[in-house]
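Spelled out, the chains give:
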Amino acid sequence: MPVTIVVGTQWGDEGKGKLTDLLAAKMHFVVRYQGGHNAGHTLVVDGQRFPLQLVPSGILYLHITPVIGNGVVIDPKVLIEEIKTLESRDIDSSALKVSGNAHLIMPYHVELDTLHERHLGRSRLGTTKRGIGPAYADRAMRLGLRVQDLLDRDIFHAKLKVALNHTNKVLAKVFNRLPLTPEDIAEKYLDEYAPILKPYICDTVALLHEALEAGQNVLLEGAQATFLDLDHGTYPFVTSSNPTAGGACTGSGIGPLHVTRVVGIAKAYVTRVGSGPFVTELFDEIADRIVDVGVEYGTNTGRRRRVGWLDLVMLRQAVRLNSLTEIALTKLDVLSDIQQLKVCVAYKMNGKRFESIPYHQSVIHQAEAEYVEMPGWSTDISGITDPQQLPAAAADYLAFIEDAVGVPVRLVGVGPAREQVLERQTCLQD
Ligand code: GDP
Ligand code: IMO
Ligand code: MG
């Protein structure tokens, strides 16, 4: 089982970090393949909470080589702070490898992200304002600086000059801001950050292929999720990378034939941070309850997450887009004590019914959910260690999901801690 992909199936924060940490027990490498520090992945081990942004979620194991792949955008200041924070908690990050081909988030990317959002006004996307979109935009414009440029002062200066030649005009003429001076940026990046990051920088593609040739196991850890995907998400309310499984290949440099397992992480309900359509969104006291019990506030930005019922139209699409071999359903414990649960099985608009995602986005903005109601359960399931002990209503909920989407729900989260995951034998073939 050489390459496993962990991918979010909804709008992020499904518990990818936690499941990556769990699955990493049997891996050799854990690779982040896209996104940046817009991600917030939380691990809870031995009662301690570890919120990660850029460092892969295998970091807690001594046997894992954590890798930040070429598809990631890196703010060096944030990465250095994260390494220091981990070290202050006795987590050794010295095995970390960072791709020289990954792009750098520069100070002007962060500024542009904030300015773009401000200019969009009521149409704002609700980005994390970390500079992610502008960094990927510069990459596509061929104006980006890469991690390897930190190792060559002349190239860094030359590229920064070209980038600022463009960006300073945008800052001044579009946003009426003062130009940035290359010297200030170069001093920080070359004199302060580069010496600290140098030992981590390498050719991660060669490293991973040598590992695969030696029969080692690699886990590719997605950030964000299927419906935040630049191509397949609810555009423009998306991130600027490809979290879907295809992005795992390009973002790590590993071809698709190495991949044998694709684990889709789904919350037992749905959450979303930021703007955009959300067919099953709840605005009632059940929403408040789920936010309270599920602690639905961003790991990263602290923003209250929007919540809604589980959406099987989305989940079916996630199965297709990612070739999911199985689903890990997290936070089932949060649904305990809700008398009547609802699951969205189709969208409806103007007399039409959609069991698959409608291709025209405006339908998603206006559609209503068709729900199947299911009885809830009142027992606390957070202490359960054997799936056979799940209340019948919870087992029915899982069986309903896997029947509807056609892949097994193999793992079930019943609490935030590493060991609070049940492994099921399911009747579906995989
Ligand atoms: P990620 O971005 O997909 O890694 O997810 P986040 O870490 O941003 O958000 C998931 C949150 O749910 C974190 O606070 C986790 O500790 C927590 N969590 C994960 N799985 C479970 C679960 O099965 N039950 C409960 N109650 N919490 C969980
Ligand atoms: P993890 O990996 C949830 C959302 C933002 C915004 C949109 C674009 O923890 O699941 P960006 O800053 O990427 O340009 O913002 O994407 N977003 C996330 N939502 N979880 C995340 O990461 C997210 N990363 C970005 O809220 O709506
Ligand atoms: Mg998160």
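Our structure's up above, just so we're on the same page.
Just so it is clear, the model here is predicted, and its values are computed rather than measured.

Trainee: Could you give me a rundown of the overall build of the protein chain, with the residues and numbers involved?
Mentor: The helix and strand tally for the protein chain stands at 12 helices and 20 strands. Its C-alpha atoms give the protein chain a radius of gyration of 22 Å, within 12% of the compact-globule value 22 Å for 430 residues. With the C-alpha coordinates aligned to their principal axes, the bounding extent of the protein chain is approximately 65 × 50 × 40 Å. Accessible surface, the protein chain: about 18,400 Å² in total, of which carbon and sulfur atoms supply 51%. Charge separation in the protein chain, taken as the distance between the mean sites of 43 positive and 50 negative side-chain charges, equals 6 Å.

Trainee: Mind laying out the packing of aromatic side chains, listing which residues take part and the relevant values?
Mentor: Counting across every chain of the model gives five aromatic pairs. Considering the side-chain rings of tryptophan 11 and phenylalanine 278, the 5.0 Å spacing of their centres and the 55° angle between planes classify their relative orientation as tilted. Separated by 267 residues along the polypeptide, tryptophan 11 in the loop between strand 1 (3-8) and helix 1 (16-23) and phenylalanine 278 in the loop between strand 12 (270-272) and helix 9 (285-294) bring together distant segments of the chain. You can call tryptophan 11 buried: its relative accessible area is 5%.

Trainee: How would you explain the site of ligand 2 if you had to name every residue and give the values?
Mentor: Close contacts around ligand 2 come from 20 residues, with Lys16, His41, Thr128, Gln224 and Thr239 the closest. Between ligand 2 and glycine 126, the relevant distance is 3.3 Å, taken from an oxygen atom to a main-chain nitrogen or oxygen of the residue. The side chain of threonine 128 places a nitrogen or oxygen atom 2.5 Å from an oxygen atom of ligand 2. A total of 550 Å² of accessible area belongs to ligand 2 in isolation, and the protein chains cover 97% of it.

Trainee: Go over the packing of helix 10 (residues 312-322) against helix 12 (residues 392-405) with me, naming the residues and quoting the values.
Mentor: Packing of helix 10 against helix 12 brings their axes to within 9 Å, and their N-to-C directions diverge by 55°. Classed by the angle they form, the pair helix 10 and helix 12 counts as oblique. The two elements helix 10 and helix 12 cross, and the hand of that crossing is right-handed. In this structure, helix 10 uses Leu312, Leu315, Arg316 and Val319 to contact helix 12, whose residues at the interface are Phe400, Ile401, Ala404 and Val405. Each residue belonging to the contact of helix 10 with helix 12 can be placed in one class, and the counts come to seven nonpolar, no polar and one charged.

Trainee: I'd like a description of the site of ligand 1, backed by residues and values.
Mentor: Around ligand 1 there are 19 residues in total, and Lys16, Gly17, Gly40, Thr42 and Asp333 lie nearest to it. Lysine 16 has a polar backbone atom sitting 2.7 Å from an oxygen atom of ligand 1. When isolated, ligand 1 has an accessible area of 580 Å², and the protein chains bury 93% of it. When atoms are counted within 2 Å of each cavity's grid points, the one that captures over half of ligand 1 is the second largest pocket. Those elements that place two or more of their residues in the shell around ligand 1 are helix 1 and strand 3 (41-45). Class assignment of the residues belonging to the shell around ligand 1 gives a composition of three nonpolar, nine polar and seven charged.

Trainee: How would you summarise helix 12 if you had to cite specific residues and measurements?
Mentor: An ideal rise of 1.5 Å per residue puts 20 Å on 14 residues; helix 12 measures up with 20 Å between its terminal C-alpha atoms. Close packing links the buried residues of helix 12 with strand 14 (310-311), helix 10, strand 15 (326-330), strand 16 (340-349), strand 18 (368-375) and strand 19 (409-413). Once helix 12 ends, the next one or two residues include glycine 406, with phi positive near 85°.

Trainee: Report on the packing of helix 3 (residues 107-120) against helix 5 (residues 153-174), specifying residues and quantitative values.
Mentor: Contact pair helix 3 / helix 5: the axes reach a minimum separation of 12 Å and the direction vectors enclose 25°. On the basis of their axis angle, the class for helix 3 and helix 5 is roughly parallel. When you trace helix 3 past helix 5, the crossing you get is left-handed. Contact with helix 3, carried on its side by Tyr108, Glu111, Leu112, Leu115 and His119, involves Leu160, Ala163, Leu164, Thr167, Val170, Leu171 and Val174 of helix 5 and no other residues of that element. Across the contact of helix 3 with helix 5, the residue classes break down as nine nonpolar, two polar and one charged.

Trainee: Please provide a residue-by-residue account of helix 4 (residues 132-141), values included.
Mentor: Three or more residues of helix 4 are buried, namely Ile132, Pro134, Ala135, Tyr136 and Asp138. Note on helix 4: the residue one or two positions beyond its end, arginine 142, has a positive phi of about 65°.

Trainee: A description of empty space enclosed by the protein should follow, citing residues and the corresponding values.
Mentor: If a probe as big as a water molecule is rolled over the atoms, it shows which places are left empty. Evaluated as defined, the whole model comprises one cavity of 30 Å³ or more. Within this model, the largest cavity holds a volume of roughly 40 Å³. Broken down by class, the residue content of the lining of the largest cavity amounts to eight nonpolar, one polar and one charged.

Trainee: Summarise the layout of surface pockets; cite the residues concerned and give the values.
Mentor: Estimates place the volume of the second largest pocket at around 610 Å³. Forming the walls of the second largest pocket are 25 residues, and the residues nearest its centre are Thr42, Gly294, Arg305, Lys331 and Pro416. When contributions to the lining of the second largest pocket are tallied by element, the ones reaching two or more residues are helix 1, strand 3 and helix 9. Its residues assigned to classes, the lining of the second largest pocket shows six nonpolar, 10 polar and nine charged.

Trainee: Quick rundown of the coordination of the magnesium ion (ligand 3)? Include the residues and the values.
Mentor: Within the protein, Asp13 (OD) and Gly40 (O) serve as the donor atoms for the magnesium ion (ligand 3), at 2.0 to 2.2 Å. Placement of the pair is aspartate 13 in the loop between strand 1 and helix 1 and glycine 40 in the loop between strand 2 (29-32) and strand 3, with a sequence separation of 27 residues. Residue classification places glycine 40 among the buried residues on the basis of a relative accessible area of 14%.

Reading guide: rules and limits
- Residues numbered from 1 in each chain as written.
- Chains lettered and ligands numbered in written order.
- Predicted model: local features only at pLDDT ≥ 70, side-chain atom pairs only at ≥ 80, totals over all residues.
- Heavy atoms only, no water.
- Helix = DSSP H or I, 4+ residues; strand = E, 2+ residues; numbered from the N terminus.
- Rg over C-alpha atoms; globule rule 2.2 N^0.38 Å.
- Areas by Shrake-Rupley, 256 points an atom, 1.4 Å probe, with all protein chains shown as cover.
- Lys, Arg positive; Asp, Glu negative; His and termini not counted.
- Charge placed at Lys NZ, Arg CZ, Asp CG, Glu CD.
- Phe/Tyr/Trp six-rings, centres within 6.5 Å; stacked < 30°, edge-to-face > 60°.
- Buried < 20%, exposed > 50% of the residue type's maximum accessible area, 1.4 Å probe, protein only.
- Near = heavy atom within 4 Å.
- Polar contact = N/O pair within 3.5 Å; in protein donor to acceptor, adjacent residues only side chain to side chain.
- Axes fitted to C-alpha atoms, helices over the stretch in contact; angles between N-to-C directions.
- Parallel < 35°, antiparallel > 145°, perpendicular 65-115°, else oblique.
- Left-handed = near helix turned anticlockwise from the far one by under 90°.
- Contact = heavy atoms within 4.5 Å.
- Nonpolar A, V, L, I, M, F, W, Y, C, P; charged D, E, K, R; others polar.
- 1 Å grid on protein atoms, 1.4 Å probe; cavity = no way out; pocket = protein on both sides within 12 Å on 5 of 7 lines; lining within 4 Å.
- Sits in = over half its atoms within 2 Å of the grid points.
- Expected span 1.5 Å × (residues − 1).
- Points joined across faces, edges and corners; volume = space filled by probe spheres on them.
- Donors = N, O, S within 2.8 Å, 3.2 Å for Na, K, Ca; no water.

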